[in-house]
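A structural walkthrough
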Amino acid sequence: PGLFCCCLTALLLLGGADDVEDVEDVTIRDRSHIDSTLKLTEDKPKDDYSAALQRLRKIYHSAIRPLELSYKYNELRQHEITDGEITSKPMVLFLGPWSVGKSTMINYLLGLDDTPYQLYTGAEPTTSEFTVLMHGPKMKTIEGIVMAADSSRSFSPLEKFGQNFLEKLIGIEIPHKLLERVSFVDTPGIIENRKQQERGYPFNEVCQWFIDRADLIFVVFDPTKLDVGLELEMLFRQLKVRESQIRIILNKADSLATQELMRVYGALFWSLAPLINVTEPPRVYVSSFWADDYHAETHRELFLKEEISLLEDLNQVIENRLENKIAFIRQHAIRVRIHALLVDRYLHTYKDKMTYFSDGELVFKDIVEDPDKYFIFKSILAKTNVSKFDLPNKEAYKDFFGVNPISSFKLLSQQCSYMGGCLLEKIEKAITHELPDLLGSIGLGKKPGSLNCDVTGCGEAPKNRYRKH
């Protein structure tokens, strides 16, 4: 550092200040491909999904939520669906180690560089908050406590993580055309040598909350930070069964020579292979996502194509917003139905095994400890059209019934009324008819009711590529 200062001083004294300015002058990258790929320059009327979303909300409240409440599904899954979540924009989540360029990438995509709302970036760990970037009429910052208190937003369930977390949650409203259609969430970088309790809130549980609701998950890596530690392993365990939404980004790629970049690309796959247990690996984008121009003598055309491909991926999620939302609610309804059938089967078995002299607690403990002995799960597969891959974990029901006594539930056959009908029939009608009809009516080029099974699936497990859990 001392030698550099001496050289710089000598240059200035010799009249070389102009040369120094030339060295520091950085070329800003052209952003026109971002606007054109994401269709931000088009003055087309915004899609009005309000009628379809209202119908979706009505189906959820009339046909799905009553069974959900009756059999306390939320205590099994810990995922309560709010009206704000049904009507919310698609969410893009940025995850990864510290200082890999997550905040810089968001600044670049939104053009926030050199504006008052530029996310702070640096070589050291800089982001300590969960930052949600949303659309608003003017630029303003919203405290996490205010966001959680506003029931019209989809963030009210975050209150359960406590005040320490809400102090680490911040919202930024920006009048940006892209944010009219999507929201971004920037997360604190993973630091392998930091224990979770040092953060003062349950970091992994908060990450899981956002993962469960994200439509697209960018996991960003730096070529110099490919070590996979316990924190990163935990993150990928949380991303299980969400592989269709994951996109891996090898950022800062223009800082490497071609041969070195190939080695790093291979090393990244080698590190991630044990963590992503799928036959088809997630898409990996190799580029440099920031406002400065690519370094000289790098694969400019390749990096630009990769960037445009990522933008097209993002645009597809935005365009498929309503289809994904309907498919997600339908998937949720299928799980609620399976849960209700299982609780009903546990209750039937309990009533069959009880005699006048039986100890109810011991009888049910035996059933919960070994449900296979009583064919509880197998009977669901035999008597209904449920897929075995959709059945929940048997162990989860030990915890569930530990909190909720079996005597607190009614049989499904008793969940009927003269005016309201039967809860099971209503949710089955929503799964097989109402939600597919709604999907067919929103402009997939088909008549209402003629659901394309390739898009969302017509069986018990919809083949939704943006599937949520």
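A short tour of the structure in this document, coming up. Keep in mind it's a predicted model, so treat the numbers as computed, not measured.

As a further point, take the sheet that holds strand E7 (residues 246–250). The sheet built from eight strands is open, its strands ordered E3-E4-E2-E5-E1-E6-E7-E8 with mixed pairing. Of all strands in the sheet, those bounded by a partner on one side alone are strand E3 (140–143) and strand E8 (283–286). When strand polarity is set aside, the average angle formed by the axes of neighbouring strands in this sheet is 20°. Across three bridges, the pairing between strand E2 (residues 130–135) and strand E5 (residues 183–186) is antiparallel. Paired with Thr131 across the two strands is Asp186, which belongs to E5. Along the sheet face, helix H10 (residues 203–213) touches strand E1 (91–95), E2, strand E4 (169–174), E5 and strand E6 (216–221) and points at about 145° away from the line of E1. In the packing of helix H13 (residues 300–319) onto the sheet, the strands contacted are E1, E5, E6, E7 and E8, and the crossing angle to E8 comes to about 135°.

Here we take up the nonpolar core. If you look at the biggest cluster of nonpolar residues, it comprises 53 residues, and the most contacted ones within it are Tyr346, Tyr397 and Phe401. Contributions of two or more residues to this core are made by helix H4 (50–70), helix H14 (321–353), helix H15 (360–369), helix H16 (376–383), helix H17 (394–403) and helix H18 (423–440). Considering each element in turn, this core owes the most residues, 15 residues, to H14. Ignoring any residue separated from it by four or fewer positions in sequence, one finds Phe401 in contact with Val343, Tyr346, Phe364, Val368, Ile406 and Phe409. Counting 48 residues, the second-largest nonpolar core is a separate cluster that includes Leu232, Ile276, Val286 and Phe303.

Moving on, we get to H16. For H16, every residue scored as buried is listed here: Ile376, Phe377, Ser379 and Ile380. All buried residues of H16 fall inside an arc of 160° around its axis, so they share one side. Exposed residues on H16 whose side chains face more than 90 degrees from its buried face are Lys378 and Ala382.

Here we take up the pattern of salt bridges. Side-chain pairing between opposite charges can occur once the charged atoms of the two side chains come close. Evaluated as defined, the whole model comprises 15 salt bridges. Residues Asp313 and Arg247 are paired through a salt bridge, measuring 2.5 Å at the closest nitrogen-oxygen approach. You can see Asp313 sitting in helix H13 and its partner Arg247 sitting in strand E7, a full 66 residues away along the chain. The exposure class of Asp313 is buried, given its relative accessible area of 8%. Overall, Arg247 belongs to the buried group, its relative accessible area being 5%.

Rules of the game
- Residues numbered from 1 in each chain as written.
- Predicted model: local features only at pLDDT ≥ 70, side-chain atom pairs only at ≥ 80, totals over all residues.
- Heavy atoms only, no water.
- Pairing = 2+ DSSP bridges.
- Helix = DSSP H or I, 4+ residues; strand = E, 2+ residues; numbered from the N terminus.
- Axes fitted to C-alpha atoms, helices over the stretch in contact; angles between N-to-C directions.
- Contact = heavy atoms within 4.5 Å.
- Core = buried A, V, L, I, M, F, W, Y, C linked by side-chain atoms within 4.5 Å.
- Buried < 20%, exposed > 50% of the residue type's maximum accessible area, 1.4 Å probe, protein only.
- Arc of directions from axis to C-beta.
- Salt bridge = Lys/Arg side-chain N within 4 Å of Asp/Glu carboxyl O.

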